[in-house]
Amino acid sequence: RPDRSRLADPQAAILEPLLLPLELVICTVAEEIFAESGAEQVRLRIRETVKAMPGLEQQLSVCVAYLRDRVGVPRDLPLPSAKVLRSYLAETYRALRGRE
């Protein structure tokens, strides 16, 4: 219930300086999902997106992993959609961590 807790995890911290960079990363993920891009294209686009934000890769990867691990089914979206979202977030995490 939104009137009880601002977050699903009341222990989570909001890091204001990361909100805009994280929004850019998540929008890039959404664009790649709609384009039905492959893993390599996702990693390439994420690297391009964060190129202008040096030093934030580590913190952004933690945020992406947090989201990836908490997508709930059926609360948030249907199972097939959740699998797609999780897989794209996993590729995003790999790109932010510099893993192929």
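Note: the structure precedes this text.
Not measured: the values here are computed from a predicted model.

Asker: Please explain unusual backbone geometry as it appears in this structure.
Answerer: Most peptide bonds take the trans configuration, and most residues that are not glycine carry a negative phi. A positive phi angle is found at Glu36, which is not glycine, with a value near 55 degrees. In this structure, Glu36 sits in the loop between helix 1 (16-35) and helix 2 (39-50). On the basis of relative accessibility, which here comes to 68%, the residue Glu36 falls in the exposed class.

Asker: Can you help me understand the environment of Arg70 in this one?
Answerer: You can see Arg70 is positioned in helix 3 (residues 57-70). Arg70 gets classed as partly exposed once you look at its relative accessible area, which sits at 41%. Excluding residues within four positions of it along the chain, Arg70 makes contact with Asp9, Arg75 and Asp76.

Asker: Looking at this structure, how should I read helix 3?
Answerer: A rise of 1.5 Å per residue sets the reference length of helix 3, with its 14 residues, at 20 Å; its end C-alpha atoms lie 20 Å apart and thus fit the reference within 8%. Regarding helix 3, the residues found buried are Leu60, Ser61, Val64 and Ala65. Mapping the buried residues of helix 3 onto a view down its axis gives an arc of 140 degrees, with all of them on the same face. Of the surrounding secondary structure, the elements contacted by the buried residues of helix 3 are helix 1, helix 2 and helix 4 (79-97).

Asker: How should I be thinking about the nonpolar core in this particular structure?
Answerer: Here is a general trend for soluble globular proteins: nonpolar side chains tend to be buried in one another's company. Val25, Val29, Ile46, Val50, Leu60, Val64 and Leu96 are the most contacted members of the largest nonpolar core, which has 15 residues in total. With 5 residues, helix 4 is the largest single contributor of residues to this core. In contact with Val64, other than residues within four places in its own chain, are Leu22, Val25, Leu89, Thr92, Tyr93 and Leu96.

Procedures and definitions
Residues numbered from 1 in each chain as written. Predicted model: local features only at pLDDT ≥ 70, side-chain atom pairs only at ≥ 80, totals over all residues. Heavy atoms only, no water. Helix = DSSP H or I, 4+ residues; strand = E, 2+ residues; numbered from the N terminus. Buried < 20%, exposed > 50% of the residue type's maximum accessible area, 1.4 Å probe, protein only. Contact = heavy atoms within 4.5 Å. Expected span 1.5 Å × (residues − 1). Arc of directions from axis to C-beta. Core = buried A, V, L, I, M, F, W, Y, C linked by side-chain atoms within 4.5 Å.

Keep in mind these values describe shape, not function.
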